[in-house]
Amino acid sequence: QTSLVFEAHRFSVKRKLFYDRFKKAGIKVVTISEAIKNNLVSSGFDSKNILIAHDGVNLEDFNLDITKEEARLKTNLPKDQKVIMYTGHLFEWKGATVLLEAAKIVRNENNNSKFIFIGGTEYDLEQFREKAKGLDNVLILGHKPHKEIPVFLKAADVLVLPNSASEKISSYTSPLKLFEYMASERPIVASDLSSIKEILNSENSVLVNPDDPGAFADGISKFMKNDALEEILYKKASEDVQYYTWQKIVEKIL
């Protein structure tokens, strides 16, 4: 009996040699999504040896006693505009470009909005800024230390998770930003993907067609028109994220 545990963040047929050795040794496996578990079972792993443990969050980092207005002052974001925020890398599969296209649509319908993008490598930022040229409702802030992210999220009106369906990785991801969004008590608009729906649903978020800027624009606009909906959804997300603390995940794995 081995004490080795393998944590899988993706599935790849190129790892067959390793998987075969793991199966032979009866190694326990932790996966961050149901899709990865299903792929491993299809390749011969015993389902009893696989545990799904999604990614999570340190709630203490995001449980800030600060109002939206105070967060705007700290982050130097506009006080009198609706702030739609995305945090994370600007890779194509993350869907940031789709959100950029949604910003164009929202600008035409409501010029009282500001789309904030936080994150990205220098190379990706250069290309992304080129794509955003001429959009006065877009603010690209680049990388920020993670310790500053909770305050930025508190400054937002809407948080967006626009993962693309065009790349396989989106089918088995468990985005860290998702749990941070939920812990920030702000409404979420996200791609309607099986991996995302392992956590989100119509009771704690607005789910829209991935890779569809118009759908994201519509989803965001729902919160601009309905404050009551906003409160219902973010309160439910805040309740649901209590099950996804790193402490609870460790206990589950043990």
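1. Some thoughts on the sheet that holds strand β1 (residues 5-8)
Here comes step 1: Pairing is parallel in the open sheet, where three strands are placed in the order β1-β2-β3. The open sheet has two edge strands, β1 and β3 (50-52), and neither has a second partner. Direction aside, the axes of adjacent strands within the sheet are offset by 20° on average.
Here comes step 2: For strand β2 (residues 28-31) and β3, the ladder comprises three bridges, and the chain directions are parallel. When the bridges of β3 are listed, T31 appears paired with I52.
Here comes step 3: This element, helix α2 (residues 34-42), spans β1, β2 and β3 of the sheet and lies at about 165° to β3.

2. Some details on the sheet that holds strand β7 (residues 158-161)
Here comes step 1: Reading across the sheet, the six strands line up as β6-β5-β4-β7-β8-β9 and stay open at both edges, with parallel pairing between neighbours. Every other strand in the sheet has two partners, leaving β6 (138-142) and β9 (206-208) as the edge strands with one partner each. Between one strand axis and the next, the sheet turns by 20° as a mean value, whatever way the strands run.
Here comes step 2: Note that strand β5 (residues 113-118) and β6 share four bridges and pair parallel. Directly across from F117, in β6, lies its bridge partner I140.
Here comes step 3: Its contacts with the sheet place helix α5 (residues 96-109) against β4 (82-87), β5, β6 and β7, and it is angled at close to 165° to β5.
Here comes step 4: Relative to the sheet, helix α6 (residues 122-131) contacts β5 and β6, its axis offset from that of β6 by approximately 170°.

Reading the values: the criteria
Residues numbered from 1 in each chain as written. Predicted model: local features only at pLDDT ≥ 70, side-chain atom pairs only at ≥ 80, totals over all residues. Heavy atoms only, no water. Pairing = 2+ DSSP bridges. Helix = DSSP H or I, 4+ residues; strand = E, 2+ residues; numbered from the N terminus. Axes fitted to C-alpha atoms, helices over the stretch in contact; angles between N-to-C directions. Contact = heavy atoms within 4.5 Å.

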